[in-house]
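Listed here are the chains, written in short residue letters.
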Amino acid sequence: MKIFKENESILREGKILEEKNIKRYKDIGRRIAFYRKQRGLSQERLAEKVGISKSYLSKIEAPSSAKFCSLTTLFDIADGLEIEIVKLLQDE
């Protein structure tokens with residue numbers, strides 16, 4: 001019974017963290033779209049540069065979505081946009 005309660009607590013804590021991070025992922029997606037448009041790149045062109053599908057990039061950028069992506073993907077997107085990754089993570 002104790003293990004079940006501990007697992008339940010961990011799941012609840014994970015859900016709270018996930019919900020807290022949803023806004024962060026949406027903000028990252030919004031910044032990616034901003035810098036992509038600023039550089040005159042289409043989603044298709046940036047996706048090609050990064051090596052991901054246009055559909056995946058679209059989901060990352062979508063304001064109604066909080067698509068999770070790996071740190072490696074964020075590094076690749078920052079490189080494709082020719083910006084420091086901190087610009088995708090930092091509130092301005």
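Structure's up top.
These lines cover the structure that appears in this document, whether it is placed above or below.

What counts, and at which threshold
- Residues numbered from 1 in each chain as written.
- Predicted model: local features only at pLDDT ≥ 70, side-chain atom pairs only at ≥ 80, totals over all residues.
- Heavy atoms only, no water.
- Buried < 20%, exposed > 50% of the residue type's maximum accessible area, 1.4 Å probe, protein only.
- Helix = DSSP H or I, 4+ residues; strand = E, 2+ residues; numbered from the N terminus.
- Arc of directions from axis to C-beta.
- Contact = heavy atoms within 4.5 Å.
- Polar contact = N/O pair within 3.5 Å; in protein donor to acceptor, adjacent residues only side chain to side chain.
- Salt bridge = Lys/Arg side-chain N within 4 Å of Asp/Glu carboxyl O.

### Topic: helix α4 (residues 71–81)
- All buried positions along α4 are accounted for by Thr73, Leu74, Ile77, Ala78, Gly80 and Leu81. Down the axis of α4, the buried set is contained in an arc of 160°. They therefore lie on one face. Opposite the buried face of α4, by more than 90 degrees, sit the exposed residues Thr72 and Asp79.
- Looking at the residues trailing α4, positive phi occurs at Glu82, about 60°.

### Details of the environment of Arg36
- Inspection of the secondary structure puts Arg36 in helix α1 (residues 2–38).
- The exposure class of Arg36 is buried, given its relative accessible area of 8%.
- Separated by ten residues in sequence, Arg36 and Leu46 have C-alpha atoms that sit 7.4 Å apart.
- Beyond its immediate stretch of four places on either side in the chain, Arg36 contacts Leu41, Ser42, Gln43, Leu46, Leu57, Glu61 and Leu81.

### Some thoughts on the environment of Ser70
- Secondary-structure assignment places Ser70 in the loop between α3 (54–61) and α4.
- Among the polar contacts made by the side chain of Ser70, one reaches the side chain of Thr73 at a distance of 3.0 Å.

### So, the environment of Ser64
- Note that Ser64 resides in the loop between α3 and α4.
- Taking the C-alpha atoms as reference points, Ser64 and Lys26, separated by 38 residues in sequence, lie 7.7 Å from one another.

### A short note on the side chain of Glu61
- Considering the arrangement of structural elements, one finds Glu61 in helix α3.
- Residue Glu61 is classed as buried on the basis of its relative accessible area, which comes to 6%.
- For Glu61, the side chain forms a polar contact with the side chain of Arg36, separated by 2.8 Å.
- Sequence-distant contacts of Glu61, that is, excluding residues within four places in its chain, are made with Gly29, Arg30, Ile32, Ala33, Arg36 and Gln43.

### Quick notes on the pattern of salt bridges
- Inspection of every chain in the model, using the stated rule, returns five salt bridges.
- With its nearest N and O atoms 2.8 Å apart, the salt bridge here joins Lys23 to Asp27. In this pair, Lys23 and Asp27 both sit in helix α1, four residues apart, roughly one turn of the helix.
- For Lys23, a relative accessible area of 56% corresponds to the exposed category.
- A relative accessible area of 14% means that Asp27 is categorised as buried.
- Linking Glu48 and Arg45 is a salt bridge whose minimum nitrogen-to-oxygen distance equals 3.4 Å. Remark: Arg45 and Glu48 occur in helix α2 (residues 43–50); sequence separation between them is three residues, near one turn of the helix.
- By sharing partners, the salt bridges in this structure join Lys23, Asp27 and Arg30 into a single network.

Treat this as a map of the structure, not an account of what it does.
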